[in-house]
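# Summary of structural features
Read off the chains here:
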2 protein chains.
Amino acid sequence: MSAPGQAPSAGYAAVFVHEDVPTAEVDRLEALHRPLADSVRDLVDATIRTTVEDEEVRAVRAEVDALVARLRARQLDGPAGVRYNAEGRTWSWGNAVVGERNAVAPPLEVVRDPDGLVHADTVLGAAYEGPPGMVHGGVGALLLDHVMGVAASAHQRVTLTGTLTMRYVRSTPLGPVRVEARIEREEGRKVFVVATLGDPDGVTVEADGVFIVPRWAV
Amino acid sequence: MSAPGQAPSAGYAAVFVHEDVPTAEVDRLEALHRPLADSVRDLVDATIRTTVEDEEVRAVRAEVDALVARLRARQLDGPAGVRYNAEGRTWSWGNAVVGERNAVAPPLEVVRDPDGLVHADTVLGAAYEGPPGMVHGGVGALLLDHVMGVAASAHQRVTLTGTLTMRYVRSTPLGPVRVEARIEREEGRKVFVVATLGDPDGVTVEADGVFIVPRWAV
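Residues numbered from 1 in each chain as written. Chains lettered and ligands numbered in written order. Predicted model: local features only at pLDDT ≥ 70, side-chain atom pairs only at ≥ 80, totals over all residues. Heavy atoms only, no water.

You'll find chain A entered in an unreviewed UniProt entry as Acyl-coenzyme A thioesterase THEM4, with Nocardioides marmotae given as the organism.

Here it is in structure tokens:
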């Protein structure tokens, strides 16, 4: 399911949150929180790869718990959600693929070219491993799903994922990867999207998906 | 691609790592590191949801950086990989779905019933969000891919994901989810797997996949 950059009508109105915050302040908050999330991304990687002594592992854990308590001194009741302001700025800082404040997300920076090609480049490290030294096949699916959703929502419309098919051509090594997606064709409320995941040597996964424009959003 | 619990032959021999560590010691190390990763999971969540003052965000970031430096004082050169010992114990602590030491992973605990059903229950929080309050569609694909790979590798064989198709029935709310997968049939080196992702109210995503037993592994 994709949640494009607009205040959606009908079905979503209850869950997208309007916030009366000027864009400049949203940008400032994003710039404040992004470095913390980046540091937590480093910590995730270091937690996987460290070989320090047992006592040091326990000591670092206690320090992490103390930092969690400091951050939780004041926090949202639930997930970050998707928010928008009157100027049309939207932010989904907790998104599992693009969320700047979510250390689970690489985070992907998705670019839309004028010709309709939607693409994203990122570098996947130890936290995205499946087979030894390789990107987890499901992580490929995670990134493809997101970028294809962005492509489907081309004109700022809401689309829901209907079906998604992936063909694994070969394994994707950890390191630099690229996701590309574009709309192949449209039929009524159905949007057909094709996409690839690749490494510097070429395509590793091919994907196609059918996205649906909900009746209420037409 | 699934990496079942065995020392694989041929193509994988170079990347799976044999370690001369007794199972008791592997278990001890896992019990030591799992709590650290669990605390980092908490930190990922708190980083998304905190609303503390700017100065506190910056101060916590500096502390996180210091902890990263302590953990990196001694570390693996690359990703954690998949390791095994002479007793047949395997561990893939960095795996993006099941890795006990990987805060990106929930981590899923996958159970195989005697009748062949493979399943996993977990609770997905703020770090797995896509649409507001909902599990990211790609996260569903990530979990399904992994559990289906485990099902395909039923008899400790190596299988590679060939194709994977997902049909989104409805959105999956954040909270408790269950993944189920089983082998539907086999034809030569092809293993056909069917699976579902669901919440307490029933199925939200249906999936089927074709997994391939590589020629060298037959």
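Next comes the rest of the account.
## Considering the overall build of chain A
Helix and strand content of chain A: three helices and nine strands. From first element to last, N terminus to C terminus, chain A shows the α and β order β-α-α-β-β-β-β-α-β-β-β-β. The buried share of chain A, reckoned over its 218 residues, is 54%. Considering only contacts in chain A between residues 6 or more positions apart, those separated by 24 or more positions represent 65%. (Helix = DSSP H or I, 4+ residues; strand = E, 2+ residues; numbered from the N terminus. Buried < 20%, exposed > 50% of the residue type's maximum accessible area, 1.4 Å probe, protein only. Contact = heavy atoms within 4.5 Å.)

## Notes on the relation of the copies chain A and chain B
The operation relating the pair of chain copies consists of a rotation about an axis and a translation along that axis. With an axial shift of 0.0 Å and an RMSD of 0.0 Å, the rotation relating chain A to chain B amounts to 180 degrees. The transformation relating the two chain copies, once decomposed into turn and shift, fits a two-fold axis. Scanning chain A for the C-alpha nearest the rotation axis identifies Thr-165 of chain A, at a separation of 2.1 Å. Most of the interface of chain A is mirrored in chain B, where 100% of its interface residues are also at the interface. (Least-squares fit on C-alpha atoms with pLDDT ≥ 70 in both.)

## Thoughts on the sheet that holds strand S5 (residues 118-124) of chain A
Pairing is antiparallel in the open sheet, where twelve strands are placed in the order S4(A)-S5(A)-S7(A)-S8(A)-S9(A)-S6(A)-S6(B)-S9(B)-S8(B)-S7(B)-S5(B)-S4(B). Looking at strand neighbours, the two that pair on one side only are strand S4 (111-112) of chain A together with strand S4 (111-112) of chain B, the edges of this open sheet. In this sheet, strand S8 (residues 190-199) of chain B lies alongside strand S7 (residues 175-187) of chain B in antiparallel orientation, the contact comprising nine bridges. Opposite Glu-186 of chain B, over in S8 of chain B, you have Val-191 of chain B as the bridge partner. (Pairing = 2+ DSSP bridges.)

## Points about the interface of chain A and chain B
If you look at the interface, chain A gives 82 residues, while chain B gives 82 residues. For the chain A and chain B pair, buried surface summed over both sides reaches about 8,000 Å², with 61% attributable to carbon and sulfur atoms. Three residues stand out in chain A for area buried against chain B, namely Arg-49, Leu-71 and Pro-132 of chain A, and they jointly supply 9% of the buried area on that side. Arg-70 of chain B serves as the salt-bridge partner of Glu-56 of chain A, at 2.8 Å between the closest nitrogen and oxygen. Mapped onto the side of chain A that touches chain B, the elements with two or more residues apiece are helix H1 (23-49), helix H2 (54-71), helix H3 (137-152) and strand S6 (160-168) of chain A. (Buried area = accessible area lost by both parts, 1.4 Å probe. Salt bridge = Lys/Arg side-chain N within 4 Å of Asp/Glu carboxyl O.)

## Re the pattern of salt bridges
Residue and element names in this part refer to chain A. Applying the stated criterion across every chain yields a total of 44 salt bridges over all chains. Glu-55 is the salt-bridge partner of Arg-58, the closest N and O atoms lying 2.5 Å from each other. With Arg-58 and Glu-55 both in helix H2 and three residues apart, the pair spans about one turn of that helix. For Arg-178, the salt bridge goes to Glu-180, with nearest N and O atoms at 2.7 Å.

## Comments concerning the side chain of Thr-23 of chain B
Residue and element names in this part refer to chain B. As for its placement among the helices and strands, Thr-23 is situated in helix H1 (residues 23-49). When its relative accessible area of 17% is taken as the criterion, Thr-23 is described as buried. A polar contact of 3.2 Å, which involves the side chain of Thr-23, links it to the side chain of Asn-85. Residue contacts for Thr-23: discarding those within four places in its chain leaves Asn-85, Glu-87 and Arg-89. (Polar contact = N/O pair within 3.5 Å; in protein donor to acceptor, adjacent residues only side chain to side chain.)

## Overview of the environment of Leu-36 of chain A
Along the chain, Leu-36 of chain A turns up in helix H1. As a C-alpha pair, Leu-36 of chain A and Arg-101 of chain A span 65 residues in sequence and 7.7 Å in three-dimensional space. Apart from the residues lying within four places of it in its own chain, the contact partners of Leu-36 of chain A are Leu-71 of chain A together with Thr-47, Val-57, Val-60, Arg-61 and Val-64 of chain B.

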